[in-house]
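Each chain, letter by letter, is given below.
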Amino acid sequence: MIFPHPEPQTPRHRILPVFLPFAGCPQRCVFCAQDAQTGQSVEPVADVLRRVDAILEERARHNRPAVEIAFYGGTFSALPEDDQHACLALAARWRERGMVVAVRCSTRPDALPPGKAEALAGLGMNLIELGVQTFDDTALAHAGRGCHGDDALTAARRVRDAGLGLGLQLLPGMPGVTPDIFRADMKVVASLRPDCLRLYPCLVLEGTGLARLWREGRYGPWDVDTTLDVLADALLLAWGQGIRVIRLGLAQDEGLRAALLAGPWHPALGQMAKAEALLRHIASQVAYFTARHGHTPHRLHAPARWRGLLYGQHNRLASRYAALGLTEVVWDDTEDYTLT
Ligand code: SF4
């Protein structure tokens with residue numbers, strides 16, 4: 001029985017992240033420490049753009065491939081209009097020179113009033129990532145987000161209606177979000193079919209409101225095992241809908257490590273979650289094979305390119321493949337898996 005790798009493949013071009021920490025944000029959300037998360041301090045947008053110009057100039061000089069510019073770290077669509085225009089004008093200039101292929105930004109769902117997405121599209125924006133965090137109103141109120149689940153649904157529709165690509169970001173484990181609520185959030189995500197999804201398990205970072213709640217014993221983060229369990233199921237649901245999950249957990253960064261107080265952080269969290277999701281996917285294929293053929297398969301031919309992923313870190317999943325009856329794994333130079 002033959003089946004493909006379950007994860008949708010990502011486009012090849014590189015994203016050049018341009019971090020504008022807290023720029024345009026109407027408040028500091030209880031869990032958010034953009035400066036620690038991005039390793040970048042708050043500075044005027046003009047200074048950031050000067051640096052981006054220099055990076056692109058350098059890339060052009062060395063004939064490096066074109067990039068997608070991503071304005072992250074704040075609420076882009078609520079920046080002063082002049083700053084939004086300056087960002088998109090820079091992207092347009094470099095697009096004309098062939099060094100930029102696309103532009104995206106992240107923003108809050110309640111920062112896209114009617115007409116805003118169209119206006120951004122007209123200035124060259126291609127995709128908007130909405131920092132949804134959760135669709136659950138009780139959890140949103142609990143975390144003092146200042147917006148509702150419906151705001152995210154409305155914003156998603158406006159992004160699509162403007163002809164833009166849609167990205168969504170969720171924060172599993174944020175105050176008020178239980179594994180069941182996160183699973184419900186993922187069902188909503190699946191129904192919205194975004195072009196990409198980021199999942200950031202909630203961490204307690206120094207300098208945030210969450211750090212205070214944690215110290216007062218009023219917030220407890222998820223542990224790594226719970227997080228991996230729900231992330232694996234979330235991946236399977238997303239992959240099954242063709243949704244690309246482009247980030248799992250915060251990037252490893254010195255500033256983040258220094259600010260991290262508690263929470264499900266692991267340097268290989270994303271790979272571990274993907275390995276667990278792949279195992280669950282293959283287990284379901286084994287069950288299907290067994291029901292169809294009346295016996296368990298014992299050999300798995302797997303694409304050699306996924307060798308590092310299949311058994312997980314330090315081969316920790318090898319015994320679970322054996323427990324499925326797969327006593328032999330053969331690495332092939334193919335794209336598909338075969339059970340025999
Ligand atoms: S979560 Fe988003 S809106 Fe809230 S402070 Fe961070 S960047 Fe701003």
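See the structure printed just above.
Each chain has its residues counted from 1, running along the sequence as written. A pLDDT threshold of at least 70 governs which residues receive local features in this predicted model, and a stricter bar of 80 or more applies before side-chain atom pairs are shown or counted, although totals over entire chains, interfaces and linings include all residues. By convention in this description, side-chain values take in all heavy atoms of the structure and omit both hydrogens and water.

Labels follow the DSSP assignment, with helices taken as runs of H or I lasting at least four residues and strands as runs of E lasting at least two, numbered in each case from the N terminus. A count of helical and extended segments in the protein gives 13 helices and 13 strands. Both definitions apply: the radius of gyration is a C-alpha atom measure, and the globule rule equals 2.2 Å times residues to the power 0.38. Relative to the compact-globule value of 20 Å for 340 residues, the protein shows a C-alpha radius of gyration of 21 Å, a close match. Considering the protein as a whole, with its 340 residues, one finds that 50% of them fall into the buried category. As displayed, the protein has an accessible area near 15,200 Å², and 50% of this comes from carbon and sulfur atoms. Within the protein, one finds 36 positive and 37 negative side-chain charges whose respective centroids are separated by 3 Å. Exposure categories follow from relative accessible area, calculated using a 1.4 Å probe and restricted to protein chains: below 20% of the type maximum is buried, above 50% is exposed, and the middle band is partly exposed. Only the protein chains shown count as cover for residues, and the accessible areas themselves come from Shrake-Rupley with a 1.4 Å probe. Only four residue types enter the charge count, namely Lys and Arg as positive and Asp and Glu as negative; His and the chain termini do not. Throughout, a charge is located at the NZ atom of Lys, the CZ atom of Arg, the CG atom of Asp or the CD atom of Glu.

Under the pairing criterion, centres of Phe, Tyr and Trp rings, with the six-membered ring standing for Trp, must be within 6.5 Å; the plane angle then separates stacked pairs below 30 degrees from edge-to-face pairs above 60, leaving the rest tilted. What the rule picks out here adds up to 6 aromatic pairs. Aromatic pair Phe-3 and Tyr-337: ring centres 5.3 Å apart, planes at 5°, arrangement stacked. Placement of Phe-3 in strand E1 (residues 2-4) and of Tyr-337 in strand E13 (residues 336-339) is noted, with a sequence separation of 334 residues between them. For Tyr-337, a relative accessible area of 0% gives the class buried.

The two faces of strand E7 (residues 196-199) match: Cys-196 and Arg-198 on one face and Leu-197 and Leu-199 on the other face are all buried. Strand pairing is assigned whenever DSSP detects at least two bridges linking the two strands. Across 4 bridges, the pairing between strand E6 (residues 165-170) and E7 is parallel. Paired with Gly-167 across the two strands is Cys-196, which belongs to E7. Look down the strands so they point away from you; if the path from the first strand over the helix to the second goes clockwise, the crossover is right-handed. Crossover connection from E6 via helix H7 (residues 179-192) to parallel E7: handedness right-handed. As paired elements, E7 and strand E9 (residues 244-248) share 4 bridges and run parallel to each other. Note that in E9 the partner of Leu-199 across the bridge is Leu-248.

Residues are said to line a cavity or pocket when one of their atoms sits within 4 Å of a point; the points come from a 1 Å grid over protein atoms alone, cavities being sets where a 1.4 Å probe fits but cannot get out and pockets being open sets with protein on both sides within 12 Å along at least five of seven lines. Grid points are joined across faces, edges and corners, and a volume is the space filled by probe spheres set on the points. On inspection of all chains with the given rule, the structure shows 1 cavity of 30 Å³ or more. Computed from the structure, the largest cavity encloses a volume of approximately 40 Å³. Each residue receives one of three labels: charged for Asp, Glu, Lys and Arg, nonpolar for Ala, Val, Leu, Ile, Met, Phe, Trp, Tyr, Cys and Pro, and polar for the others, Gly being one of them. Broken down by class, the residue content of the lining of the largest cavity amounts to 6 nonpolar, 3 polar and no charged.

Counting 91 residues, the largest nonpolar core has Leu-20, Phe-71, Phe-76, Phe-182, Leu-197 and Leu-199 as its most contacted members. Of all the elements, helix H9 (residues 224-240) adds the most residues to this core, at 8 residues. Residue contacts are defined here by distance: any two heavy atoms, one from each residue, within 4.5 Å place the two residues in contact. Other than its neighbours up to four places away in sequence, Leu-20 contacts Val-45, Val-48, Phe-71, Tyr-72, Gly-73, Gly-74, Phe-76, Leu-79 and Cys-87. To define a nonpolar core, start from buried Ala, Val, Leu, Ile, Met, Phe, Trp, Tyr and Cys residues and group those joined through side-chain atoms within 4.5 Å. If you look at the next biggest cluster of nonpolar residues, it comprises 18 residues, including Phe-289, Ala-302, Trp-306 and Tyr-337.

Empty pockets left among the atoms are what a rolling probe the size of a water molecule brings to light. Put simply, the largest pocket is a space of about 1,100 Å³. Looking at the largest pocket, it is lined by 45 residues, and the ones nearest its centre are Phe-19, Tyr-72, Gln-169, Arg-198 and Tyr-200. Counting residues per element, the ones that place at least two in the lining of the largest pocket are strand E2 (14-19), helix H1 (34-38), strand E3 (67-72), strand E4 (100-107), strand E5 (127-133) and E9. Ranked by the residues each element gives to the lining of the largest pocket, the list is headed by E2, at 4 residues. In terms of residue class, the lining of the largest pocket is made up of 19 nonpolar, 16 polar and 10 charged. The computed volume of the second largest pocket comes to approximately 460 Å³. Around the second largest pocket sit 24 residues that line it, and Ile-246, Arg-247, Leu-248, Gln-271 and Lys-274 are the ones nearest its centre. Put simply, the parts of the chain that give the lining of the second largest pocket at least two residues each are E9 and helix H11 (269-293). Looking at side-chain class alone, the lining of the second largest pocket contains 13 nonpolar, 7 polar and 4 charged residues.

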